[in-house]
Amino acid sequence: MSWGTELWDQFDNLEKHTQWGIDVLEKYIKFVKERTEIELSYAKQLRNLSKKYQPKKNSKEEEEYRYTSTRAFLATLNEMNDYAGQHEVISENMTSLITAELTRYVQELKQERKSHFHDGRKAQQHIETCWKQLEASKRRFERDCKEADRAQQYFEKMDADINVTKADVEKARQQAQLRHQMAEDSKAEYSSTLQKFNSEQHEHYYTHIPNIFQKIQEMEERRIVRIGESMKTFAEVDRQVIPIIGKCLDEITKAAESVDHKNDSQMVIEAFKSGFEPPGDVDFEDFTQPMKRTVSESSLSNSRGDGKSEPKFGSKSKGKLWPFIKKNKIIETLLGTKLSLKLINLNTQVWSLIEGAGPEDFSNLPPEQRRKKLQQKVDELNRDIQKEMDSRDALTKMKDVYIKNPQMGDAASVDLRLAELGQNIEKLRLEVQKFEGWLAEVEGRLPARTEQPRRQSGVYEAQNPAAVNSCAQDRESSPDGSYTEEQSQETEMKIPATDFDDEFDDEEPLPTIGTCKALYTFEGQNEGTISVAEGEMLYVIEEDKGDGWTRIRRNEDEEGYVPTSYVEVYLDKNAKDVHKPLQKISE
């Protein structure tokens, strides 16, 4: 199957067909180009979308991304950014592998097509010239033959006429012979030209045109193969990014599966927990007797006292009414009413107004929140110290270079900056010490909220009611009517250790509810805590009640509280034997 033999007479149609093929190729190039533009536009829109919903740095919105659900959303945004990058890869690959290659190929194809059809036209012009030469030779031969016939007839006429002289007859005879010779020459020329034309024509239709058309056919077939390969590449470019896009989608799915509603609920507790006990019952104030009213106010002061104390022996349980008397006084002034349960519901709104200008040690915050704020401040200061130390180390190295190579700079010019950095580091260290002191003070009080100190406080109240009332009167008689935890701490320090020991000597030990493994070393320096070493296995006797502390036991005599984040707990609801070996319980 060859165009040269089958389509030897379709030169014009082949010219139109090959031009149509180039138009199709250019149309496909335009299609791919528009596809790359769509991919780029889509990738840009995805990136803008991801950027739009990214949390702003150093904002409250960034703090919200500590929850598992918001972290999953952030992971989705990041994966969408990578997803957009894959669409950019598609656009780049299609541009380089298809658009650019085909554009270059189209230019080459046009040049090749032009060359082939130029050769075809040249061959056609040559055969047309040969045909014209043949026609001219044929006409000339025909003309000479006619002239020879007329000359012969004239000679015969003159020879038959008796009136014509012999000279005229001879002249006519010579003319007839001349014309006859010219006709013979034209005949020979026509025959030669005809043979030549036939040879050229055979060469044209069986050699030149088939060769030219065969080249055009090969050119067209290469074009068809090339556009097919480009379509295959078009699909391969998409297929190459499918695994990466699949990974992006897998990461989004993994992030979605990591959402833990229980963990988020616990984080809400950790974020907003104050660490105080709910307010106790408000005593009835009988206004019919003025003296009784005074006594009831003293009772109210007692109810605002130490929230860590347990109910007195033989008396009804009374907890503190609210942890911040100073704030409640301000709220009381704003609302114009006495403390009530409605005050608790309004605490969050008013508290945000009060905290706007809080003290440096965050003493206006609840213990849990104050500890977190202080810890954040210590971490921030430590990072600042590290930055300053890195700068100092860099300047020190620069100074050493200057000393070894004076032409590079003056070593004395660095001393002033080194001195400034040293002063800054010293100031930051003092700040760290100050905040670590406050942090140690807060962490020293946190265990006091556990069960043992509450029992201890209850024993002390039962044995020393006068001291408790005295403390309440002292708090009530303070100039601003505020309650300070320093006073509460002083009261706790007065509790006799013997009373505490006597109370618990006869108590049965709490049953174990599981085991735990210490993830980090913890030095239990405060009362109620216990020291653990990293990797140590211990018994769990009381779960975290939401205050961040877990009660554990090493043996029958050693037990206490450790931070929940320092241990990995393995609960066993069936484990109730306090003397069961640790290995069996852990199993």
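The shown structure was predicted, so the numbers you read here are calculated from the model rather than taken from an experiment. Residue indices begin from 1 for each chain and proceed along its sequence in written order. Reporting of local features is limited, given that this is a predicted model, to residues whose pLDDT is at least 70; pairs of side-chain atoms are given and counted only at 80 or more, and all residues count toward the totals for whole chains, interfaces and linings. Excluded from the side-chain calculations are hydrogens and water; all other atoms, namely the structure's heavy atoms, are used.

### Some details on the overall build of the protein chain
Phase 1 of the analysis: Numbering of helices and strands runs from the N terminus; a helix is a DSSP stretch of H or I covering at least four residues, while a strand is a stretch of E covering at least two. When its secondary structure is counted, the protein chain shows 17 helices and five strands.
Phase 2 of the analysis: Evaluated residue by residue, the protein chain yields a buried proportion of 34% over its 587 residues.
Phase 3 of the analysis: Contacts spanning at least 24 positions in sequence make up 74% of the contacts within the protein chain whose residues lie at least 6 apart.
Phase 4 of the analysis: Note on areas: these come from Shrake-Rupley sampling with a 1.4 Å probe, and a residue is covered only by the protein chains present in the view. Accessible area for the protein chain stands at about 36,600 Å²; split by element, carbon and sulfur atoms hold 52% of it. The buried label applies to any residue whose accessible area, calculated with a 1.4 Å probe on protein chains only, is under 20% of its type's maximum; exposed applies above 50%, and partly exposed to all values in between. In this description, contact between two residues means that some pair of their heavy atoms is separated by no more than 4.5 Å.

### Regarding the pairing of strand 3 (residues 549-553)
Phase 1 of the analysis: Most of strand 3 is tucked away, with five of its five residues classed as buried.
Phase 2 of the analysis: Judged by which residues are buried, strand 3 turns out to be covered on both faces: Trp549, Arg551 and Arg553 on one side and Thr550 and Ile552 on the other are all buried.
Phase 3 of the analysis: Where strand 2 (residues 537-542) meets strand 3, three bridges bridge the pair, whose relative direction is antiparallel. Note on strand 3: the bridge partner recorded for Glu542 is Arg551.
Phase 4 of the analysis: By the convention used here, strands pair only if DSSP detects at least 2 bridges between them. The antiparallel hairpin formed by strand 2 and strand 3 contains six residues in its connecting segment, where Gly546 sits at a positive phi of about 105°.
Phase 5 of the analysis: The sheet contact formed by strand 3 and strand 4 (residues 559-563) spans five bridges and is antiparallel. Note on strand 4: the bridge partner recorded for Ile552 is Gly560.
Phase 6 of the analysis: Here strand 3 folds back onto strand 4, and the loop between the two strands holds five residues.

### Remarks on the packing of aromatic side chains
The relation between two aromatic rings is expressed through the spacing of the ring centres and the mutual angle of the planes.
Phase 1 of the analysis: Stacked, tilted and edge-to-face pairs are distinguished by plane angle, under 30 degrees for stacked and over 60 for edge-to-face with tilted covering the rest, among Phe, Tyr and Trp rings (Trp via its six-membered ring) whose centres lie within 6.5 Å. Enumeration over the complete set of coordinates arrives at 12 aromatic pairs.
Phase 2 of the analysis: Between Phe522 and Tyr566, the ring centres sit 5.5 Å apart and the planes meet at 70°, which makes this aromatic pair edge-to-face. On the criterion of sequence distance, the pair formed by Phe522 in the loop between strand 1 (514-518) and strand 2 and Tyr566 in the loop between strand 4 and strand 5 (567-571) is long-range, its members being 44 residues apart.
Phase 3 of the analysis: For Phe522, a relative accessible area of 13% puts it in the buried group.
Phase 4 of the analysis: Through successive ring pairs, a cluster of aromatic residues spans Tyr520, Phe522, Trp549 and Tyr566.
Phase 5 of the analysis: Two conditions define a charge sitting above a ring: the NZ of Lys or the CZ of Arg must be within 6 Å of the ring centre, and it must be within 35 degrees of the ring normal. A cation over an aromatic ring shows up here: Arg226 above the ring of Tyr105, its NZ or CZ 4.7 Å from the ring centre.

### Some points on the pattern of salt bridges
Phase 1 of the analysis: Only one rule defines a salt bridge in this text: a Lys or Arg side-chain nitrogen within 4 Å of an Asp or Glu carboxyl oxygen. Under the counting rule described, the total for this entry stands at 24 salt bridges.
Phase 2 of the analysis: Among the salt bridges present, the one from Arg140 reaches Glu189, with a minimum N-O distance of 2.3 Å. Residue Arg140 is located in helix 4 (residues 68-160), and its partner Glu189 is located in helix 5 (residues 166-257); the two are separated by 49 residues in the primary sequence.
Phase 3 of the analysis: A relative accessible area of 25% places Arg140 in the partly exposed class.
Phase 4 of the analysis: Each of Glu542, Arg551, Arg553 and Glu559 takes part in salt bridges that share partners, so that together they form one network.

### Describing the layout of surface pockets
Phase 1 of the analysis: Here the second largest pocket is characterised by a volume of approximately 830 Å³.
Phase 2 of the analysis: In this structure, the second largest pocket is lined by 30 residues; those nearest its centre are Arg371, Glu443, Pro563, Ser565 and Tyr566.
Phase 3 of the analysis: At the level of secondary structure, the elements contributing two or more residues to the lining of the second largest pocket comprise helix 6 (261-272), helix 11 (367-404) and helix 12 (412-445).
Phase 4 of the analysis: The residue inventory of the lining of the second largest pocket, partitioned by class, reads nine nonpolar, 11 polar and 10 charged. A cavity here means a set of 1 Å grid points, computed over protein atoms only, where a 1.4 Å probe fits but cannot escape. A pocket is an open set with protein on both sides within 12 Å along at least 5 of 7 lines, and lining residues have an atom within 4 Å of a point. Grid points are joined across faces, edges and corners, and a volume is the space filled by probe spheres set on the points. Only Asp, Glu, Lys and Arg are considered charged, only Ala, Val, Leu, Ile, Met, Phe, Trp, Tyr, Cys and Pro nonpolar, and every remaining residue, Gly among them, polar.

### Examining the sheet that holds strand 3
Phase 1 of the analysis: One open sheet holds the five strands; their spatial order is 4-3-2-1-5, and the pairing between them is antiparallel. Of all the strands in the sheet, the pair left with one neighbour each is strand 4 and strand 5. Neighbouring strand axes in the sheet, compared pairwise and without regard to direction, differ in orientation by 40° on average. Helix axes are fitted only over the stretch in contact, all axes being lines through C-alpha atoms; the angle between N-to-C directions runs from 0 to 180 degrees.

### Things to note about the packing of helix 4 against helix 5
Phase 1 of the analysis: Two numbers describe how helix 4 lies on helix 5: the axes approach to 7 Å, and their chain directions differ by 175°. If you check the angle between helix 4 and helix 5, you find them roughly antiparallel.
Phase 2 of the analysis: The residue makeup of the contact of helix 4 with helix 5, split by class, is 46 nonpolar, 19 polar and 23 charged. Reported orientations rely on four angle classes, namely roughly parallel under 35 degrees, roughly antiparallel over 145, roughly perpendicular from 65 to 115, and oblique for the rest.

### Notes on the confidence of the model for the protein chain
Phase 1 of the analysis: Looking at any residue, its pLDDT shows the predictor's confidence there, from 0 to 100. Per-residue confidence for the protein chain averages 76 on the pLDDT scale, and 74% of its residues sit at or above 70.
Phase 2 of the analysis: Taken as a whole, residues 292-356 scores under 50 in pLDDT and shows 108 contacts with residues more than four places along the chain or in a different chain.
Phase 3 of the analysis: Considering only residues more than four positions removed or in separate chains, one finds that residues 447-506, a stretch of pLDDT under 50, has 95 contacts.

### Some points on the nonpolar core
Phase 1 of the analysis: In this text, buried Ala, Val, Leu, Ile, Met, Phe, Trp, Tyr and Cys residues form a nonpolar core when linked through side-chain atoms within 4.5 Å. Of all hydrophobic cores here, the largest spans 31 residues; its most connected members are Leu25, Tyr28, Met94, Ile98, Phe213 and Ile216.
Phase 2 of the analysis: Elements represented by at least two residues in this core include exactly helix 2 (11-52), helix 4 and helix 5.
Phase 3 of the analysis: With 11 residues, helix 4 is the single largest residue contributor to this core.
Phase 4 of the analysis: Once residues within four sequence positions are removed from consideration, Leu25 is found in contact with Leu102, Tyr105, Val106, Leu109, Arg223 and Ile227.
Phase 5 of the analysis: Ranked by size, the runner-up nonpolar core spans 12 residues in total, among them Val532, Trp549, Tyr561 and Val567.

### Some details on the side chain of Ser186
Phase 1 of the analysis: Take Ser186: it is sitting in helix 5.
Phase 2 of the analysis: What Ser186 contacts, discounting residues up to four positions off in sequence, is Ser137, Arg140, Phe141 and Asp144.

### Some details on helix 4
Residues three or four positions apart in an α-helix share a direction because the helix packs 3.6 residues into each turn.
Phase 1 of the analysis: Here the expected span of a helix is defined as 1.5 Å times the quantity of residues minus one. Taking 1.5 Å of rise per residue, the 93 residues of helix 4 would be expected to cover 138 Å, and the 134 Å separating its terminal C-alpha atoms lies within 8% of that figure.
Phase 2 of the analysis: Where helix 4 bends most, at Thr95, the angle is about 35°. Axes are fitted to the seven residues ending at a residue and to the seven starting at it; the angle between these axes is taken as the bend at that residue.

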